Amino acid sequence: MHYRKLIAMAGYKGRAQQLLKAASVNVGDRIKVEDAGRTYEGVLMPRTELGDSNHLVLKLKSGYNLGARIGTGTKISLLEKGKPPKLEVPKLEIKPDPSKPNVTIIGTGGTIASRVDYRTGAVFPAFTPEEIYSAVPELAEIANIKVVEACNVFSEHMTPELWAKIGGVIAKEINEGASGVVVAHGTDTMAYTATALSFTLKGLHRPVVLVGSQRSSDRPSSDAALNLISAVTVAGKSDIAEVCVVMHGSTEDDFCLIHRGTRVRKCHTSRRDTFMSINDIPIGMVKGRELKYFREGYKRTKPKSKVTVDGKFESKVALLKVTPGMSSSVINGILKAGDKGIVLEGTGLGHVPESLFAGIKRAVAKRVPVVMTSQCLWGRVDMKVYSTGRDLLKLGVIPGEDMLPEVAWLKLMWALAQTKDPKEVSKLMKSNLAGEITPRTRPDVFLKPAFAPTP
Amino acid sequence: MGLDYEKLGLRVGFEIHQELNTHKLFCNCPSKLRDEEAPLKVKRRLRPTQSEMGEVDRAALAEALKDKGFAYQLYPESICLVELDEEPPHPINEEALDIALEVALLLNAKPVDEVHTMRKIVIDGSNTCGFQRTALVALDGRIDTDGKSFGMPTICLEEDAARKMGEGTEYVNYRLDRLGIPLVEIATGPDFSDPETPAKAALYIGQILRATGKVKRGIGTIRQDINVSIAGGARQEIKGVQELSLISEVITREVRRQIALLEIRDELRRRRAERAEKKIINVTDVFSGTKSGVIRRMRGDGGEVLAVRLPKFAGLLGKELQPGRRLGTEFAAHARIYGKVGGIFHTDELPGYGISEEETARLKRTAGAADEDSVVFVAGDKERARAALKAVVGRANQALQGVPEETRRALTDGNTEFMRPLPGAERMYPETDIPPIPITPARLRKIKLPELPEKQRARLMERYKLSRELAERLVLSDKLEIFEKLIARTKADPTLIATTLEETLVSLRREGVKVENIQKNALAELFTRVAKGKLAKEAVPEVLRLVAQRIGVQEAVDKLGLTTFTRPDLKKLVTEVVASNRALVNERGMEAMGPLMGILMEKVRGRADGKLVHELLQRELRKVKK
Ligand SMILES: [Zn+2]
């Protein structure tokens, strides 16, 4: 959290705020709090959102924080005005090295590097190249870094408009000569943004790498530095002309995997190696700043081309996870809300209970495309094996092959922005546009042991 | 040697770390140590975070320079993703917090209104996150013992670190079983000015902790860190003193070390020594044909010999700082830690190690060393040797200033060894994953306080009629629990049991008897015999001597021929003795009691109770007189 923001939203409410105001005390000041024969002395700290409104947070000389309860007789007095925390970073003399690739890091709101002010506990995110270099000095050995901010939102607040905006910044940077682009992104919706960019960036001829961290960069055990070093390596040195995600490949700090943007999924709420390629193997890995490719099939970089952004999305598309006994009223509700497309996350090979048939029929009749994917995640839908599947095909459901449900959802949003013709939509949905569909299912892609996963 | 500690300005404080007997502090894993080989291992690295100055913390940087990875041993059955730093911490263990509050109240400390968990940067790998979670629970504790009063400014609840299981060249091995076990940390102020009182105070705090009945017992479950400084010296944090008996020795030896370092500083100043330069000189050629096996071995294939000159250090590296540890030993510790080398050589110890006089002279010449200078050299991998020598130069330059502030490890003999520079004070920031916890008066009211040592003493005196001294000793030692159990089980005389535990066993140990072999069951069996009159209490030490050799109680009694006289047998013996001393009895009448008692006790030798012998003899004499 930025310090200036911290002061503004010091978090004190009600009586605490009144008392502090009356004593002309601000966060960062050294104060004395007296109550019922007890005295605390320390620096006033911001109040966390998790805390109640009747305690003041003080940092003692020992470095510990404590909460001082505000009672009826509490007296606050100012001992010393606080000094504003220092924001400068050491002056780094970094000259662009023409022999190194130019990599642009695009910020979207997450922090990839940060510094901690142990005096106040504030965490400063690194914004400028100097700040990023000083936090992760290894980057200077790999590439000339430029930093651009595209937006500033938490990953869960990402929207189709922002995808287009990020896409625009990427296109601009590459067209202006960047060897590759790194997009710093929160991990929650990183895979969605990667998929969206995969469909929207046309003529992409340089690497676009999304990166983030599962352990915040203010802790010594953070995965951020290795992820960032690996991402910049891929952006600056690889020949992958695709949108990909580069994150820890194991729970150890030894390598990162390069996942294709349309194949990757966040699979664990908290582990470092949360990202996995589903139904496909990763494109490769980065270990000790060395690139290793696992496969032949990926788009190669080209020296020159022009990237354009086709960033239109139909935002009214529903993704529905099918459950046993689910009623058609759910689909009716979706249609009533005006959604223009529906992706079903069916059971097994791509099935739904008969109770949903009526709803599906109504959707197709209203020229609302219905795409089938599987909640198994791994494997391909096949609606010809059982009669339910054959019935669904007859109803006009579009089989989503081995696409991930959320990838199919995004693709349908994109396709509906291209054409309203259900036949055209169906054609687009069934063709592989950005690696989201593979014609053959590899035998080596189902899960992986959680430990010792060295590929 | 007698040191005038007051004159030296000795200041001592200590921290006690006590493991609590509950599950882990921030997850639901059991606080259980494991001995079997770990089924899984995870390797990690840590990066120092930057402080507000854009600078890396001093201690953090030192650890990072060592550039080692960490290999964590884990047991899926009792270690979860929290210890592995792959899942955010769960809410704090409320039971542990209550125990910490109980301890705080017993130490007359004032619990804080609201507990805030902090992250304390620790980058040696012993915490997978790179920080230790710690929370201030109470302030300003104070206790009076032995007529002395001392303060405990802070009482904290924190998580224990992972266990270090050894160190390879690439990785430091840690076992995650201990990581996260709740600890209460009690820190005294630097209030002590002699080496003896801190040990007594630590013992007393330990007693209070055990009085709660909620702390772990056994080796490693309570650890002391000691802070020592003298005037003109510097504060040292000495880690991991596991035995109370070592505390005063550690302090005494640290004082000696600081005095010696100050003498070295004064000598260097007298010699007008200047700072040594980090100028590393390649002296491989000097040793190209060396007969020194150790140099050849350490150099290995493709290794080199590098050297630095330490101006005006001649003779000082051999100066003893602590018994068996010289200034050179300190330098070697820095070289080992920062350069990962096995050791260093220096010209103060040459000729030696098979290094010839000629080689010594050439070495000095190549290094440009005058007679007043010392040359330190390292054989082996070039990069490591270079890092090692740079560390040596750094430490040598600190010697010009006197005593550097350090974190040191306590060794088993009371000496200490360099671990890392003392970390700066500001390396804590809030643990945002744990919400603050208000400590309400209602919560504090629910905490039931156990009996305190003074009360225990009074109870022992009243209930068991123990002497004040014996009661005091029981309370201060860790034998109170077994004492009360033995009374309940055997119904033997409490004073006998207490004396056996507190005096007999202690003096047997002093004689070299392996009293640790004496099990509680053997004691119970022994006291039961005494209680039933089958064994004289005088025989207890002799029997224990054999029991300590892993001999059963029955066998020991048989072996010693200590089977007690039955009353009739004893009566017979008394009659015999009186008969054979008829003349004495006739001459002195009842006055003969004294000498006859002596003869009888000599004969029964522990196989009969003295009181009974006395009674029977008295009766016999009266009979004879009639
Ligand atoms: Zn756990």
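Please read all numbers here as calculations on a predicted model, not as lab measurements.

(A) Broad picture of the overall build of chain B. Regarding its fold elements, chain B presents 21 helices and 23 strands. Against the compact-globule benchmark of 25 Å for 626 residues, chain B has a radius of gyration of 32 Å, which places it well outside the compact range. Based on the C-alpha atoms only, the size of chain B along its principal axes is roughly 105 × 70 × 55 Å. Within chain B, the proportion of its 626 residues that are buried is 46%.

(B) Region of the structure containing the pairing of strand β3 (residues 55-59) of chain A. Residues and elements named next belong to chain A. β3 sits mainly inside the fold: five of its five residues count as buried. Residues H55, V57 and K59 point to one face of β3 and L56 and L58 to the other, with burial holding for every one of them. Relative to β3, strand β2 (residues 38-45) runs antiparallel, the two being bridged by three bridges. Its bridge partner being in β3, M45 is matched across the sheet by V57. Inspection of the sheet shows β3 paired to strand β4 (residues 65-69) by five bridges, in the antiparallel sense. Within β4, the position partnered with H55 by the bridge is R69.

(C) Molecular detail of the sheet that holds strand β9 (residues 163-167) of chain B. Residue and element names in this part refer to chain B. What the four strands build is an open sheet, ordered β2-β3-β10-β9; its pairing is mixed. A strand with exactly one partner marks an edge of an open sheet, and here the two such strands are β2 (40-44) and β9. Averaged over all pairs of adjacent strands, the angle between strand axes in this sheet comes to 25°, irrespective of strand direction. In the sheet, β2 pairs with strand β3 (residues 69-74) via five bridges, with the strands oriented antiparallel. Each bridged residue has a counterpart across the sheet, and for L40 the counterpart in β3 is L74.

(D) Main features of the environment of P303(A). Residue and element names in this part refer to chain A. Residue position: P303 is located in the loop between β18 (290-293) and β19 (308-309). Exposure remark for P303: the 6 C-beta atoms within 10 Å place this residue in the exposed category. The spatial distance from the C-alpha of P303 to the C-alpha of S387 is 51 Å, given a sequence separation of 84 residues.

(E) Structural detail: the pairing of β2(A). Residue and element names in this part refer to chain A. Two elements, strand β1 (residues 30-35) and β2, share six bridges in a ladder whose sense is antiparallel. The partner of E34 across the bridge, within β2, is T39. Taking the residues between adjacent antiparallel strands as the criterion, β1 and β2 are bridged by two residues, where A36 takes a positive phi near 45°.

(F) Looking closely at helix α8 (residues 357-366) of chain B. Residue and element names in this part refer to chain B. For α8, the complete set of buried residues consists of E359, L363 and K364. All buried residues of α8 lie within an arc of 135° about the axis, which places them on one face of the element. Summarising the geometry of α8, the exposed residues directed more than 90 degrees from the buried face are E357, E358 and R365. Residues of α8 that are buried sit in contact with β15 (304-310) and β19 (374-380). Phi turns positive one or two residues past the end of α8, at G368, with a value near 70°.

(G) Focus on the nonpolar core. Core analysis: the biggest nonpolar cluster contains 105 residues, and V182(A), V209(A) and V246(A) have the highest contact counts within it. In this structure, this core is formed jointly by two domains, domain 2 (102-309) and domain 3 (317-430) of chain A, each of which donates at least three residues. Excluding residues within four positions of it along the chain, V182(A) makes contact with V103(A), I105(A), I106(A), V209(A), V211(A), A231(A), V232(A) and A235(A). In this structure, L44(A), V57(A), A100(B) and L139(B) belong to the second largest nonpolar core, which totals 92 residues.

Thresholds applied
- Residues numbered from 1 in each chain as written.
- Chains lettered and ligands numbered in written order.
- Predicted model: local features only at pLDDT ≥ 70, side-chain atom pairs only at ≥ 80, totals over all residues.
- Helix = DSSP H or I, 4+ residues; strand = E, 2+ residues; numbered from the N terminus.
- Rg over C-alpha atoms; globule rule 2.2 N^0.38 Å.
- Buried ≥ 20, exposed ≤ 12 C-beta atoms within 10 Å, placed from the backbone.
- Pairing = 2+ DSSP bridges.
- Axes fitted to C-alpha atoms, helices over the stretch in contact; angles between N-to-C directions.
- Arc of directions from axis to C-beta.
- Contact = placed C-beta atoms within 7 Å.
- Core = buried A, V, L, I, M, F, W, Y, C linked by C-beta atoms within 7 Å.
- Domains from an automatic or database assignment.

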